[in-house]
Amino acid sequence: DVKVTQSSRYLVKRTGEKVFLECVQDMDHENMFWYRQDPGLGLRLIYFSYDVKMKEKGDIPEGYSVSREKKERFSLILESASTNQTSMYLCASKRGEFSYEQYFGPGTRLTVT
Amino acid sequence: AQKVTQAQTEISVVEKEDVTLDCVYETRDTTYYLFWYKQPPSGELVFLIRRNSFDEQNEISGRYSWNFQKSTSSFNFTITASQVVDSAVYFCALSDRGNTPLVFGKGTRLSVIA
């Protein structure tokens, strides 16, 4: 079974803090993704990576950065957390070919106060 | 551009009723894949099914069935004899050629009432 794990299920941070969300997958998938999910807005893609040290902006990259130093790990960084970044963050991974499905982690519910 | 539309934002049914979740997609590619995911209250999206554009056969898995019609660009999902455990948000998604992320619809929240 594919396993995608995220470092925290719940996280509370203060405005201005630097926040790291970690995601690890164990199936040697090439592609990894970060989404945020908000009520009424569905899933919105923040960043994705199709290889180590490669990254691509998604639909809403502002205020975020990412790091992928190893194939299995994809980190989302909030350089200076703001209250409008309070959200559910979902990580996903998939094999490189377009035909394959994405597998999701359990999500991190981040609250910025 | 690819697009997935799930027009039903929320649906509420009584247990044992049948329910159909609609999904309409847009793509210019002739080869593409369609997916359905379930997101229960716990939050993790669970993969349900993948379908390629060349296979229009309906698929049935227990109480779940999927109806793919290229003529109407639709990939609808039916739950027969719904149960409370079916309560979740359901997402339809599309993948076409290229190493790009899936395109998701905004989801349909299904509530099954006992």
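Data block above holds the structure.
Overview of the structure. In this text the structure is predicted, and so the values were computed from the model without any measurement.

**Comments concerning the pattern of salt bridges**
Link 1 in the chain: Going through the model one piece at a time under the given rule, you end up with ten salt bridges over all chains.
Link 2 in the chain: A salt bridge links Lys18 of chain A to Glu79 of chain A, with the shortest nitrogen-to-oxygen separation between them at 3.5 Å. One end of the pair, Lys18 of chain A, is in the loop between strand E2 (10-13) and strand E3 (19-25); the other, Glu79 of chain A, is in the loop between strand E8 (73-78) and strand E9 (87-94), with 61 residues separating them in the sequence.
Link 3 in the chain: Of the charged contacts in the structure, one is a salt bridge between Asp86 of chain B and Arg63 of chain B, with a shortest N-O distance of 2.8 Å. With Asp86 of chain B in the loop between strand E9 (74-79) and strand E10 (88-96) and Arg63 of chain B in the loop between strand E7 (59-61) and strand E8 (64-69), this residue pair connects regions lying 23 residues apart in the sequence.
Link 4 in the chain: According to the relative accessible area criterion, Arg63 of chain B is partly exposed, its value standing at 25%.

**Section: the interface of chain B and chain A**
Link 1 in the chain: Taken together, the 22 residues of chain B in the interface contact 22 residues of chain A.
Link 2 in the chain: Both faces considered, chain B and chain A share a buried interface measuring about 1800 Å² in area, 57% of it formed by carbon and sulfur atoms.
Link 3 in the chain: Applying the counting rule to chain B against chain A returns one salt bridge.
Link 4 in the chain: In this structure, the salt-bridge partner of Glu101 of chain A is Arg50 of chain B, at a minimum N-O distance of 3.1 Å.
Link 5 in the chain: Inspection of the region where chain B meets chain A yields five residue pairs in polar contact (both at pLDDT 80 or more).
Link 6 in the chain: Contributions of two or more residues to the side of chain B that touches chain A are made by strand E5 (32-39), strand E6 (46-52) and E10 of chain B.
Link 7 in the chain: A total of five residues in the side of chain B that touches chain A trace back to one element, the largest contributor, which is E5 of chain B.
Link 8 in the chain: Here the side of chain B that touches chain A is composed, by residue class, of ten nonpolar, seven polar and five charged.

**Quick look at the nonpolar core**
In a soluble, globular protein the nonpolar side chains are often hidden away together inside.
Link 1 in the chain: Judged by nonpolar contacts, the single largest core of 23 residues is most densely connected at Trp36, Phe75, Phe77, Tyr90 and Leu110 of chain B.
Link 2 in the chain: Where this core is concerned, the elements lending two or more residues are strand E2 (10-14), strand E3 (19-21), E5, E8, E9, E10 and strand E12 (108-113) of chain B.
Link 3 in the chain: Broken down by element, this core gets its largest block of residues, four residues, from E10 of chain B.
Link 4 in the chain: Counting 20 residues, the second-largest nonpolar core is a separate cluster that includes Val4, Leu11, Met32 and Tyr47 of chain A.

**A few points about unusual backbone geometry**
Residues and elements named next belong to chain B.
Link 1 in the chain: Unusually for a residue other than glycine, Lys16 sits at a positive phi of about 80 degrees.
Link 2 in the chain: Counting through the fold element by element, Lys16 comes out in the loop between E2 and E3.
Link 3 in the chain: Of note, Ala81 is a non-glycine position whose phi angle comes to about 50 degrees, a positive value.
Link 4 in the chain: Here Ala81 is to be found in the loop between E9 and E10.

**What to know about the environment of Met88 of chain A**
All names here are of chain A.
Link 1 in the chain: In this fold, Met88 is placed in strand E9.
Link 2 in the chain: Residues Met88 and Phe33 lie 55 residues apart in sequence; the distance between their C-alpha atoms is 14 Å.
Link 3 in the chain: Setting aside anything within four residues of it in sequence, one finds Met88 in contact with Tyr35, Arg36, Gln37, Gly107, Thr108 and Arg109.

**As for the packing of aromatic side chains**
Describing an aromatic ring pair means giving the distance of the ring centres and the angle of the ring planes.
Link 1 in the chain: Within this structure, the stated rule accounts for 20 aromatic pairs over all chains.
Link 2 in the chain: Measuring from ring centre to ring centre gives 5.8 Å for Tyr35 of chain A and Phe104 of chain A, while their planes differ by 40 degrees; the resulting arrangement is tilted. Of this pair, Tyr35 of chain A sits in strand E4 (residues 31-38) while Phe104 of chain A is found in strand E10 (residues 103-104), placing the two residues 69 residues apart along the sequence. This pair shows no difference in class: Tyr35 of chain A is buried, exactly as Phe104 of chain A is.
Link 3 in the chain: When the ring of Tyr35 of chain A is compared with that of Phe104 of chain B, the centres are 5.8 Å apart and the planes differ by 85 degrees; the resulting orientation is edge-to-face. Residue Tyr35 of chain A is located in strand E4, and its partner Phe104 of chain B is located in strand E11 (residues 103-104); the two belong to separate chains. Accessibility assignment for this pair places Tyr35 of chain A and Phe104 of chain B in one class, buried.
Link 4 in the chain: An aromatic cluster is present here, built from Phe33, Tyr35, Phe48, Tyr103 and Phe104 of chain A together with Phe35, Tyr37, Phe47, Phe91 and Phe104 of chain B joined pairwise through their rings.

**Points about the state of the cysteines**
Residues and elements named next belong to chain B.
Link 1 in the chain: Counted by the stated rule, this structure contains two disulfides over all chains.
Link 2 in the chain: Disulfide pairing places Cys23 opposite Cys92 at an S-S distance of 2.0 Å. Handedness here is read from the sign of the S-S torsion; for Cys23 and Cys92, about -65 degrees, the answer is left-handed. One end of the pair, Cys23, is in the loop between E3 and strand E4 (24-26); the other, Cys92, is in strand E10, and 69 residues separate them in sequence.
Link 3 in the chain: Exposure remark for Cys23: the relative accessible area of 0% places this residue in the buried category.

Definitions and limits used
Residues numbered from 1 in each chain as written. Chains lettered and ligands numbered in written order. Predicted model: local features only at pLDDT ≥ 70, side-chain atom pairs only at ≥ 80, totals over all residues. Heavy atoms only, no water. Salt bridge = Lys/Arg side-chain N within 4 Å of Asp/Glu carboxyl O. Helix = DSSP H or I, 4+ residues; strand = E, 2+ residues; numbered from the N terminus. Buried < 20%, exposed > 50% of the residue type's maximum accessible area, 1.4 Å probe, protein only. Contact = heavy atoms within 4.5 Å. Buried area = accessible area lost by both parts, 1.4 Å probe. Polar contact = N/O pair within 3.5 Å; in protein donor to acceptor, adjacent residues only side chain to side chain. Nonpolar A, V, L, I, M, F, W, Y, C, P; charged D, E, K, R; others polar. Core = buried A, V, L, I, M, F, W, Y, C linked by side-chain atoms within 4.5 Å. Phe/Tyr/Trp six-rings, centres within 6.5 Å; stacked < 30°, edge-to-face > 60°. Disulfide = S-S within 2.5 Å.

Note that all results are geometric; they support no functional claim without further evidence.
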